[in-house]
Amino acid sequence: MQLKRQSEGSFLPSPTPTRLTSTSWASPAPKATPGAATSIDEHHFDLIIEEIDASRGSLACQLDTDGGRQLNRGQQATRSRFEVEQILASPGSLPPPLSTDERERVIRTILPTATHQMLAKMPPGLLSAASSESQALRRKLAKGSTMVFVGAGLPGKRFTFERAAALGIKVVIVEHPDSWSKVLVSEGVVAKFLTVDMSKGSDAVYEATLAHIRALGSDGLTGKADGIATFVELSVPLVARLCETLGLPGHRPEAVDSARNKHSTRACLKAAGLPTPRNYLIKSAGEVAKAGQLVGFPAVLKPASGAASLGVKKVETAGELAATYKEIVDELSTLVVSSGALVKADPAGGGVDASNVIDLSVLMEQYLDGPEVDVDVIMSGGEYQYAAVADNGPTMEPYFNETWAVCPSLLPKDTQRQLKALSIDSVKALGFSSGVFHVECKMTSTGPQLIEVNARMGGGQVHETNLRCWGVDLVEETLFAALGIPARPPVPEQPHTAVAYCYVNAAISGKVQGLSKLEAVAKRPGVVWAKPLVKAGAQVVGPANGLPTWLCDLCVTGATAKQALAHLQELEAEVPVPVAA
């Protein structure tokens, strides 16, 4: 059988090598589907892709995971209105979700993509197996497609574009004109870099991006968009609306909005009969006392709209509540966006004032005791196809900074199963049916509880951990979902290796003495990387003075989870980035 993708443009991505490398745990894979195909004879299924002659050439890709480039003050002040809205008041001025009738009209009037046309011609069952042969077929289906990436993130996200290029996908990036990612065009990694002025509000960014996507395919370099994806949290609500408007595979905007608002998440879980901590949404100082009476102590205060770790603090007693609430609201009121990151205002200036759009609602909820885990979930067809549990070390209270993580989990197998079940049920309760999710949970003294659902691949070390431990590429699975290709990642019976990682928190406030020790650590056996997150001579903050500064990023492997974690903690105990008060 032959399936042919219609001509999808002349761009040919440069091939880039990927970084695949090869106790008791709960398997990340679901039980095998009865009757699913277990093998495929590729000689009987030949996928034909039209491509240009490689002799036309393109520049080789280069790995670059350096930190983000600092913009000058004038640039900062003109690029972040969209980011401010999505960090502090999501979905901001983005259009509301379509009604059922509007969504049906889109489906009836928009032609199927080239990828969907090929999928429709496939015999049933060919893509239902979690086998290496089926995975190879999915990659063939993705090859030659045109994928729009909305937002590039920092340069550390470069590997996502390189993986797409390695799959033969024609990548189009939509970003602000000064993004680092524009160089990927001249390097042959991406086909097009289209600019959008991020100084505009979310509604204007949506309209400009939509116009860019609708115009694709007219110049012969790419085809029309087969899918839209993002690995940047702030772009998730925007991408959901673009996919809905264009009739492309993607998350429902209602589900994304519920996931990004902590109070809405709790309401969805309660409606589904899932465990939910006591909580109260404080909209003004006059509601603080009532919230304390209903929620009780200890408790946690956090911004209702996502603002990372800023504004999250534990409250032990009723006597602390009013002062802590005021501290959080004051902190949120003085935030700025600088180079795309939410930070406290610097007296020297710089950044965009966030106070005009920030939602100052604060969620007070019952403090959740017990160990925390991350569960990386892949959904397809309304059911989970992969769910891997990674343990998190105790957070640094009262600010809840992360300490360490290890995969596979060291928790009892039954505990892992309960946490996996809650994670999957929570994703479904929010209204998601396909895609990649990073879910955070706790196993409390009263059972499993959800912290939050992120409707995207986890950042930091998450991709590397799942790839090394279970051989599952979350970038690849994200791209499959965006194209509407069913997900069934093959998962080994045993992990390939164990992975442990951490961001090393500053123990005291002071000045960074140097990075030579960290450079030596990076060369040791079993160390995947040891990346500095500060510069020599930088002033950093310890927990006694506020939210601790992350000094470096460590990632190691081991034969078992216990060995990997022990190795990581030994390195951290050496103080690889010394700080002097």
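Structure report, in brief.

Cut-offs used in this document
- Each residue is numbered by its place in its chain's sequence as written, counting from 1.
- It should be noted that, the model being predicted, local features are given only for residues of pLDDT at least 70 and side-chain atom pairs only at 80 or more, the latter also being counted only at that level, while totals for whole chains, interfaces and linings use all residues.
- Side-chain numbers come from the whole structure's heavy atoms, not from hydrogens or water.
- The rule for a disulfide is simple: a pair of cysteine sulfur atoms within 2.5 Å.
- Summary of the burial criterion: residues with accessible area below 20% of their type's maximum are buried, those above 50% are exposed, and those between are partly exposed, where the area comes from a 1.4 Å probe applied to protein chains only.
- Convention adopted: a line fitted to C-alpha atoms gives each axis, helices being fitted over their contacting stretch, and angles between N-to-C directions are expressed from 0 to 180 degrees.
- We count a stretch as a helix when DSSP gives it H or I for four or more residues in a row; a strand needs E for two or more, and each element gets its number in order from the N terminus.
- Put simply, a crossing is left-handed when the front helix is turned counterclockwise from the back one by less than a right angle, and right-handed when it is turned clockwise.
- Residue contacts are counted whenever heavy atoms from the two residues lie within 4.5 Å of one another.
- Residue polarity follows a fixed list, in which Ala, Val, Leu, Ile, Met, Phe, Trp, Tyr, Cys and Pro are nonpolar, Asp, Glu, Lys and Arg are charged, and the others, Gly among them, are polar.
- Just so you know how the angles are binned, under 35 degrees is roughly parallel, over 145 roughly antiparallel, 65 to 115 roughly perpendicular, and the rest oblique.
- Each reported salt bridge corresponds to a side-chain nitrogen of Lys or Arg within 4 Å of a carboxyl oxygen of Asp or Glu.
- Multiplying one less than the number of residues by 1.5 Å gives the expected span of a helix.
- The arc refers to the directions leading from the helix axis to the C-beta atoms.
- Note on pairing: two strands pair once DSSP finds at least 2 bridges between them.
- To define a nonpolar core, start from buried Ala, Val, Leu, Ile, Met, Phe, Trp, Tyr and Cys residues and group those joined through side-chain atoms within 4.5 Å.

Below, the discussion takes up the state of the cysteines. Disulfides are covalent bonds that link the sulfur atoms of two cysteine residues. Enumeration according to the criterion identifies zero disulfides in this entry. The thiol of Cys407 is unpaired, and the distance to the nearest cysteine sulfur, on Cys469, comes to 3.8 Å. Residue classification places Cys407 among the buried residues on the basis of a relative accessible area of 2%. Between Cys502, a free cysteine, and Cys552, which holds the nearest cysteine sulfur, the sulfur-to-sulfur gap is 6.5 Å.

What follows is about the packing of helix 6 (residues 158–166) against helix 16 (residues 474–483). Where helix 6 contacts helix 16, the two axes come as close as 10 Å, and the packing angle between them is 65 degrees. Read as a crossing pair, helix 6 and helix 16 show a hand that is right-handed. Contacts between helix 6 and helix 16 involve Phe159, Thr160, Arg163 and Ala164 from the first element and Val475, Glu476 and Leu479 from the second. The residue makeup of the contact of helix 6 with helix 16, split by class, is four nonpolar, one polar and two charged.

When two helices pack together, their arrangement is given by the angle between their axes and by how far apart the axes lie. Relative orientation of the contacting elements helix 9 (residues 236–246) and helix 10 (residues 253–260) amounts to 170 degrees, with a least axis distance of 9 Å. By the angle class used here, helix 9 and helix 10 are roughly antiparallel. Contact with helix 9, carried on its side by Val236, Pro237, Ala240, Arg241 and Glu244, involves Pro253, Val256, Asp257 and Arg260 of helix 10 and no other residues of that element. Tallied by class, residues from the contact of helix 9 with helix 10 come to five nonpolar, no polar and four charged.

Considering all chains together, one arrives at 19 salt bridges under this definition. Measuring nitrogen to oxygen at the nearest pair gives 2.5 Å for the salt bridge that ties Arg158 to Glu187. With a gap of 29 residues between them, Arg158 in helix 6 and Glu187 in the loop between helix 7 (183–186) and strand 5 (192–195) connect regions that are remote in the sequence. When its relative accessible area of 16% is taken as the criterion, Glu187 is described as buried. For Asp257, the salt bridge goes to Arg241, with nearest N and O atoms at 2.7 Å. Remark: Arg241 occurs in helix 9 and Asp257 occurs in helix 10; sequence separation between them is 16 residues. Under the relative-accessibility criterion, Arg241 is labelled buried at 2%. Overlapping salt bridges, with partners in common, bring together Arg139, Arg163, Asp473 and Glu476 in one network.

All right, on to helix 18 (residues 561–573) then. A rise of 1.5 Å per residue sets the reference length of helix 18, with its 13 residues, at 18 Å; its end C-alpha atoms lie 18 Å apart and thus fit the reference within 8%. Buried within helix 18 are the following residues: Ala561, Ala564, Leu565, His567, Leu568 and Leu571. Mapping the buried residues of helix 18 onto a view down its axis gives an arc of 160 degrees, with all of them on the same face. Facing away from the buried side of helix 18 by more than 90 degrees, the exposed set consists of Lys562, Glu570 and Ala573. Buried positions along helix 18 lie against strand 16 (404–407), strand 19 (498–505), helix 17 (516–521), strand 21 (527–532) and strand 23 (550–558). Note on helix 18: the residue one or two positions beyond its end, Val575, has a positive phi of about 55 degrees.

Attention now goes to the sheet that holds strand 18 (residues 447–454). The eight strands are arranged 18-17-14-15-16-19-23-21 in an open sheet whose pairing can be described as antiparallel. The open sheet is flanked by strand 18 and strand 21, the only strands paired with a single partner. Across the sheet, the axes of successive neighbouring strands diverge by a mean angle of 20 degrees, strand direction being ignored. One ladder, built from eight bridges, connects strand 19 with strand 23; its direction is antiparallel.

In this section: the nonpolar core. Side chains of nonpolar character tend, in soluble globular proteins, to be buried together. Ranked by internal contacts, the top residues of the largest apolar core, which has 51 residues, are Phe149, Phe161, Ile173 and Leu479. Broken down by element, the residue count for this core peaks at six residues, all from helix 16. With 28 residues, the next largest nonpolar core counts Leu269, Ala387, Leu430 and Val453 among its residues.

You can see Gly273 is positioned in the loop between helix 11 (262–271) and strand 7 (279–282). Along the primary structure Gly273 and Asp425 are separated by 152 residues, whereas in three dimensions their C-alpha atoms are 10.0 Å apart.

Below, the discussion takes up the sheet that holds strand 13 (residues 362–366). Read across the sheet, four strands follow the order 7-13-8-9 without closing on themselves; strand pairing throughout is antiparallel. Across the chains shown, the open sheet's two edge strands, defined by having one partner strand only, are strand 7 and strand 9 (313–315). Going from strand to strand, the sheet's axes swing by 25 degrees on average, the running direction of each strand aside. Sheet topology note: the strand 7/strand 13 ladder contains four bridges and is antiparallel. Residue pairing in the sheet places Leu281 in a bridge with Leu363 of strand 13. The sheet contacts of helix 13 (residues 318–333) involve strand 7, strand 8 (299–303), strand 9 and strand 13, and relative to strand 9 the element is tilted by about 165 degrees.

Turning our eyes to something else, we now look at helix 6. In terms of burial, helix 6 is largely enclosed, as eight of its nine residues are buried. Every buried residue of helix 6 is listed here: Arg158, Phe159, Thr160, Phe161, Glu162, Arg163, Ala164 and Ala165. Next to the buried residues of helix 6 lie helix 5 (132–142), strand 3 (146–150), strand 4 (170–175), helix 7, helix 15 (462–470) and helix 16. Looking one or two residues beyond helix 6, the residue adopting positive phi is Gly168, at roughly 80 degrees.

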